[in-house]
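A look at the structure
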Amino acid sequence: MQKSCRTVLKTITGIAVVSICASASAADWRSIGSTNAGELLIDAASLEQHGDIRQAWSMWNFKEARKNNEAGFPTLKSYKDLQLYNCKDKTMRLSKEIIFAEANGMGDSRDHSDALANSAFAKPAEHTVAAAMLEQVCAADMTKP
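Everything in this summary refers to the structure shown in the same document. These numbers come from a predicted model, not from an experiment. (Residues numbered from 1 in each chain as written. Predicted model: local features only at pLDDT ≥ 70, side-chain atom pairs only at ≥ 80, totals over all residues. Heavy atoms only, no water.)

Brief notes about the overall build of the protein chain
Scanning the protein chain for helices and strands turns up two helices and seven strands. Its helices and strands in sequence order give the protein chain the pattern α-β-β-β-β-β-β-β-α, from N to C terminus. Taken across its 145 residues, the protein chain has 31% of its residues classed as buried. Of the contacts formed within the protein chain by residues at least 6 apart in sequence, a portion of 47% connects residues at least 24 apart. When the accessible surface of the protein chain is split by element, carbon and sulfur atoms take 55% of a total near 9600 Å². (Helix = DSSP H or I, 4+ residues; strand = E, 2+ residues; numbered from the N terminus. Buried < 20%, exposed > 50% of the residue type's maximum accessible area, 1.4 Å probe, protein only. Contact = heavy atoms within 4.5 Å. Areas by Shrake-Rupley, 256 points an atom, 1.4 Å probe, with all protein chains shown as cover.)

Here's what the structure looks like:
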């Protein structure tokens, strides 16, 4: 009896630790804007500063599945990008991209980040969703309480 109580307590403690860790790294997806095709969100919890560069994850959710040229992965409903932002120069660069079969970054996935290895920082066109992302990320307060 005493051994089974210890096992239960260890299991409960393990679940509590996992829950605390999961909530500490929980995403905070916020809508940046939408089009007729879908909605763009940014994960406020992923925002980080590294020297002069900020980074944050964003995600497109599409209303309809989009075609993909990969034979084993013919359509996608969402993708997540890790963008790097140079706020001083008002430029941004795509660092990582992962496509998903389902909305909200769910289901089967493929990492397409290798194709972005040599991408350069560029200014987004005015009045675009990318420009809104740059503006929000660069305006964010990076001081931690």
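A look at the pairing of strand 6 (residues 91-102)
Side chains on a regular strand alternate between the two faces of the sheet. Strand direction decides the pairing type here: strand 5 (residues 73-86) and strand 6, joined by nine bridges, are antiparallel. Within strand 6, the residue paired with Asp 81 across the bridge is Glu 97. The antiparallel hairpin formed by strand 5 and strand 6 contains four residues in its connecting segment, where Lys 90 sits at a positive phi of about 60°. In terms of strand pairing, strand 6 meets strand 7 (residues 106-111) through four bridges, oriented antiparallel. Paired with Ile 99 across the bridge in strand 7 is Arg 110. Once strand 6 ends, the chain turns through three residues before running back antiparallel as strand 7, passing Asn 104 with a positive phi of about 60°. (Pairing = 2+ DSSP bridges.)

Description of the side chain of Ser 58
Tracing the chain through its elements places Ser 58 in strand 4 (residues 53-70). The exposure class assigned to Ser 58 is buried, which follows from its relative accessible area of 3%. Beyond its immediate stretch of four places on either side in the chain, Ser 58 contacts Trp 29, Leu 40, Leu 41, Ile 42, Tyr 79, Lys 80, Asp 81, Gln 83 and Met 133.

So, helix 2 (residues 129-139)
Turning to helix 2, its buried residues are Met 133, Leu 134, Val 137 and Cys 138. Projected onto a plane normal to the axis of helix 2, the buried residues spread over an arc of 115° and lie on a single side. Residues of helix 2 that are exposed and angled more than 90 degrees away from the buried face: Glu 135 and Ala 139. Those residues of helix 2 hidden inside the fold are in contact with strand 1 (29-34), strand 2 (38-43), strand 4, strand 5 and strand 6. (Arc of directions from axis to C-beta.)

In short, shape yes, function no, at least from these values alone.
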